[in-house]
Amino acid sequence: MVGADPAPLDIAIIGGGPAGLMAAEAASHSGRRVAVFDVMPSVGRKFLLAGRGGLNLTHAEPFDAFIRRYGERSEIVGRWLAVFGPSQVREWAQELGIATFVGSSGRVFPREMKAAPLLRAWLSRLRARGIAFHPRHRWCGWEIAATAAHRLRFTTPAGAGEYSATAVILALGGGSWARLGSDGRWMALLAAKGIPLQPLRPANCGFDVAWSPYWREHLAARHAGQPVKTMSARLVRADGGSFEQRGEFVLTANGIEGSLIYALSAPLRDAIATDGHAELLLDLLPDRPLDGLRRQLSRSPGRDSWTTWLRRSVGLGSVKTALLRELTDPSQRRNPDLLAAAIKALPLRLVATRPLDEAISSAGGVDFTALDADLMFKDWPGIFCAGEMLDWEAPTGGYLLTACLASGRVAGNGAVRWLRRLREEHR
Ligand SMILES: Cc1cc2nc3c(=O)[nH]c(=O)nc-3n(C[C@H](O)[C@H](O)[C@H](O)COP(=O)(O)OP(=O)(O)OC[C@H]3O[C@@H](n4cnc5c(N)ncnc54)[C@H](O)[C@@H]3O)c2cc1C
């Protein structure tokens, strides 16, 4: 049996993403025996993937605005961020020798725009502080003990493994990009113990569009990957709630994705779940007032093609023109008033979210009613949870990593405090 160590670990951390590693860091000052287990051959794989986009670590906006990004969970996440917030994230990176900078949109990145140097420095500091790492260990079950150490079961390439630990921190990630380890299979293990869970759902995800057969056959491949730049999109929900975002998105073979869409993805996803579809109103020229457009479009195109005329008269690029053609009918295109109105509010019908596995992050997970302020299960003293596996969500912009790191810090501190309390009770 792998790992049949008679002396229990003080703290076993399962999941070596940013949340688990930050929990290990918090515990590493305590002189306790701490080990990190991960199913993958090495830890931090999704963190490294995030580095491909430059590694947006956090955001430099004011703290009040920052915590509002967590929507209904602002209060809970705000408490973690009071312990380890955006400025602590930057200080922590700096301590590891990684300078950060604030980009034009307020997003904070490592100066080198890479995750690997930061992860390397972080792991070597954790190892130097005595944290043990057990890669290729899939956690597959447990016996939770009321008084003694908890028994954890793993599968490893060398066979079944068992470890015991007085405190356990679960930091198993969400349910996207399963090939990097975060496959959400832990949901079944927790559900079997009666832990309240919210279903995992895609967040910061792309959407399928109900394109016409002509678009699918002739245009989808041509436009896939093309950005639709500087525009604004509005979603008006059936209950009157309205969401608006300016930015850009990318056309895909099936629909759309990209930063503008990710920012609206939670209300879009929820509208699709309720109504079966969501309608986005696109403003293709957000800086041009409707009246001016009407005037420009009432002039004759002369011998110009429609595409050339739209480019010359109102500055509409070819991808936006293709979208306009796809989403209007000929009578609208012939009438300057209707055409101007369509440019300012072009309805795009989204019919499905892309699958969870393709999403940047997941919503849903462990319900906060099960946890105390230290992220310890109320019914199971000594078992903690951190990171994306908890039921919160946030847009891209560094909010995901910041909250994962902060929750890891809270759970790590909580586990150390809990072990101290246990020792005092047994004196
Ligand atoms: C393409 C992409 C780009 C991103 N870019 C950014 C960005 O720039 N900024 C930002 O803030 N966020 C970004 N994110 C999101 C961010 O990477 C995640 O929110 C974050 O990694 C979640 O951290 P975590 O520690 O909770 O989980 P994870 O990083 O998912 O780690 C969970 C770990 O648990 C392990 N595990 C799971 N199940 C088991 C098991 N049964 N046994 C043992 N181990 C297990 C996994 O192998 C994994 O190592 C990006 C995500 C993606 C997909």
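As the structure is a prediction and not an experimental result, all values here were calculated from the model.

Trainee: Describe the site of the ligand, listing the residues and the values that go with them.
Mentor: Not every one of the 40 residues close to the ligand is listed here, only the nearest: G15, G17, G173, G181 and G387. Per-element tally for the shell around the ligand: the top contributor is helix α2 (residues 45-52), with five residues. Its residues assigned to classes, the shell around the ligand shows 20 nonpolar, 14 polar and six charged.

Trainee: Explain the sheet that holds strand β4 (residues 100-102) residue by residue, including any values.
Mentor: Strand order in the open sheet made by the three strands is β3-β5-β4, with antiparallel pairing throughout. Looking along the sheet, the strands with just one partner apiece sit at the ends: β3 (58-59) and β4. In the sheet, β3 pairs with strand β5 (residues 107-110) via two bridges, with the strands oriented antiparallel. Across the sheet, the residue bridging to H59 is R107, located in β5.

Trainee: Before we move on, can you summarise the pairing of strand β8 (residues 150-156) with the specific residues and values?
Mentor: In the sheet, strand β7 (residues 138-143) pairs with β8 via five bridges, with the strands oriented antiparallel. Counterpart to E143 in the pairing with β8 is R151. Between β7 and β8, which pair antiparallel and follow one another directly, the connecting turn spans six residues. Pairing analysis gives seven bridges linking β8 to strand β9 (residues 159-170), with the strands arranged antiparallel. Residue pairing in the sheet places T156 in a bridge with G159 of β9. Two successive antiparallel strands, β8 and β9, enclose a turn made up of two residues.

Trainee: Lay out the sheet that holds strand β12 (residues 227-236) with the relevant residues and their values.
Mentor: Taken together, the six strands give a closed barrel; going around it, the order is β11-β14-β13-β12-β15-β16, and neighbouring strands pair in antiparallel fashion. On average, adjacent strands in this sheet sit at an angle of 45° to one another, irrespective of strand direction. Sheet topology note: the strand β11 (residues 207-209)/strand β16 (residues 346-353) ladder contains three bridges and is antiparallel. Its bridge partner lying in β16, D208 is registered against A352. Sitting on the sheet, helix α13 (residues 318-327) touches β12 and β16, and the angle it makes with β16 is about 85°.

Trainee: Could you give an account of the domain arrangement of the protein, with specific residues and numbers?
Mentor: Along its sequence, the protein is organised into domain 1 (9-201 + 363-425) and domain 2 (207-353). The interface of domain 1 with domain 2 comprises five residues on the first partner and five residues on the second. A per-class count over the side of domain 1 that touches domain 2 returns two nonpolar, one polar and two charged.

Trainee: Tell me what's going on with the environment of F377, and back it up with residues and numbers.
Mentor: With respect to the element layout, F377 can be found in the loop between β17 (361-366) and β18 (383-385). Residue F377 is classed as buried on the basis of its 20 C-beta neighbours within 10 Å. Distance from F377 to I195, taken between C-alpha atoms, is 8.9 Å for residues 182 residues apart in sequence. The contact partners of F377, leaving out residues within four places of it in the chain, are A370, L371 and I383.

Trainee: Quick one: what's the story with the environment of A359, residue by residue and with numbers?
Mentor: Mapped onto the elements of the fold, A359 is located in the loop between β16 and β17. Residue class for A359 comes out buried when judged on the 25 C-beta atoms lying within 10 Å of it. For the pair A359 and A203, spaced 156 residues apart in sequence, the C-alpha separation works out to 6.1 Å. If we ignore the near neighbours within four places in the chain, the residues touching A359 are S176, P202, A203, N204, C205 and R354.

Trainee: Go over unusual backbone geometry with me, naming the residues and quoting the values.
Mentor: With phi around 60°, L55 is a residue other than glycine that occupies positive phi space. Within the element layout of this structure, L55 appears in the loop between α2 and β3. Despite not being glycine, T230 shows a phi value in the positive range, around 30°. Its location among the elements puts T230 in strand β12.

Trainee: Let's hear about helix α15 (residues 336-344): which residues, and what values?
Mentor: Of all the positions in α15, only L339, A340, A342 and I343 are classed as buried. Seen end-on, α15 carries its buried residues on one side only, within an arc spanning 160°. Each element contacted by the buried residues of α15 is listed here: α11 (290-297), α13, α14 (330-334) and β16.

Trainee: Can you break down the nonpolar core residue by residue, with the values?
Mentor: If you look at the biggest cluster of nonpolar residues, it comprises 121 residues, and the most contacted ones within it are A12, A23, I169 and F384. For this core, the leading source of residues is helix α16 (residues 399-425), giving 11 residues. Shared between two domains, this core holds at least three residues of each, these being domain 1 (9-201 + 363-425) and domain 2 (207-353). Every residue in contact with F384, bar those within four places of it in the chain, is listed here: A167, V168, I169, D374, L375, M376, A411, G414 and A415.

Trainee: Account for the pairing of strand β13 (residues 242-251), naming residues and giving values.
Mentor: Examined bridge by bridge, β12 and β13 share eight bridges and lie antiparallel to one another. Bridging across to β13, S232 finds its partner in R246. As defined by bridge partners, β13 adjoins strand β14 (residues 255-257) across two bridges and the pair is classed as antiparallel. Across the sheet, V250 pairs through a bridge with E257, a residue of β14. Hairpin connection of β13 to β14: three residues between the antiparallel strands.

Trainee: Give a description of the packing of α11 against α15 that names residues and reports values.
Mentor: As a packed pair, α11 and α15 sit with axes 8 Å apart at the nearest point and diverge in direction by 135°. Compared by their axis directions, α11 and α15 come out oblique. The interaxial crossing formed by α11 with α15 has right-handed handedness. Here L290, L293, R294 and L297 of α11 come into contact with α15, specifically with P336, D337, L339, A340, A341, I343 and K344. Of the residues contributing to the contact of α11 with α15, the split by class is eight nonpolar, no polar and three charged.

Basis of the calculations
- Residues numbered from 1 in each chain as written.
- Predicted model: local features only at pLDDT ≥ 70, side-chain atom pairs only at ≥ 80, totals over all residues.
- Near = placed C-beta within 6 Å.
- Helix = DSSP H or I, 4+ residues; strand = E, 2+ residues; numbered from the N terminus.
- Nonpolar A, V, L, I, M, F, W, Y, C, P; charged D, E, K, R; others polar.
- Pairing = 2+ DSSP bridges.
- Axes fitted to C-alpha atoms, helices over the stretch in contact; angles between N-to-C directions.
- Contact = placed C-beta atoms within 7 Å.
- Domains from an automatic or database assignment.
- Buried ≥ 20, exposed ≤ 12 C-beta atoms within 10 Å, placed from the backbone.
- Arc of directions from axis to C-beta.
- Core = buried A, V, L, I, M, F, W, Y, C linked by C-beta atoms within 7 Å.
- Parallel < 35°, antiparallel > 145°, perpendicular 65-115°, else oblique.
- Left-handed = near helix turned anticlockwise from the far one by under 90°.

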